[in-house]
Amino acid sequence: MSTAMNFGSKSFKPKPPDKGAFPLDHFGECKAFKEKYMKCLRENGFENSLCRQESKEYLECRMDRQLMAREPLEKLGFKDLVEEKFEAKNEKA
């Protein structure tokens, strides 16, 4: 009986996750990017390291359309791809 009395006295306050909770793409704004990424995964035996460029483009689309919080791509694990793009841009100039 004592457990019934203690149960009501404690309150649980859920905390949202730091990452991973973002709006769904209900209007398909990034569907083409998602499909390109999924196609790459299928063609490469679901080896996600071979589809990093497609993954980066999909996340950029989501951030551009406020479907997820904007984060630096370096923080999301794409530092090498960002540096490659920067170096290629400098070579053209």
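Relevant structure appears above.
These numbers were taken from a predicted model, which means no experiment stands behind them.

Cut-offs applied
Residues numbered from 1 in each chain as written. Predicted model: local features only at pLDDT ≥ 70, side-chain atom pairs only at ≥ 80, totals over all residues. Heavy atoms only, no water. Helix = DSSP H or I, 4+ residues; strand = E, 2+ residues; numbered from the N terminus. Expected span 1.5 Å × (residues − 1). Contact = heavy atoms within 4.5 Å. Buried < 20%, exposed > 50% of the residue type's maximum accessible area, 1.4 Å probe, protein only. Disulfide = S-S within 2.5 Å.

## Remarks on helix H2 (residues 31-43)
The end-to-end C-alpha distance of H2 is 18 Å, a good match for the 18 Å that 13 residues give at a rise of 1.5 Å each. Those residues of H2 that are buried are in contact with helix H3 (52-64). Of the residues trailing H2, Gly45 is marked for its positive phi of about 60°.

## Quick look at H3
Between its terminal C-alpha atoms H3 stretches 18 Å, which fits the 18 Å expected from 13 residues at 1.5 Å a residue. Within the sequence span of H3, burial applies to Glu54, Ser55, Lys56, Glu57, Tyr58, Leu59, Cys61, Arg62 and Met63. Trailing H3 by a residue or two, Gln66 shows a phi angle of about 55°, which is positive.

## Digging into the state of the cysteines
Summed over all chains, the structure comprises 2 disulfides. A sulfur-sulfur separation of 2.0 Å characterises the disulfide bridge that pairs Cys30 with Cys61. Judged by the sign of its S-S torsion, about -90°, the cystine formed by Cys30 and Cys61 is left-handed. Residue Cys30 is found in the loop between helix H1 (2-9) and H2, and its partner Cys61 is found in helix H3; the two are separated by 31 residues along the sequence. Cys61 shares its class with Cys30; the two are buried. Each sulfur in the disulfide pair Cys40 and Cys51 lies 2.1 Å from the other.

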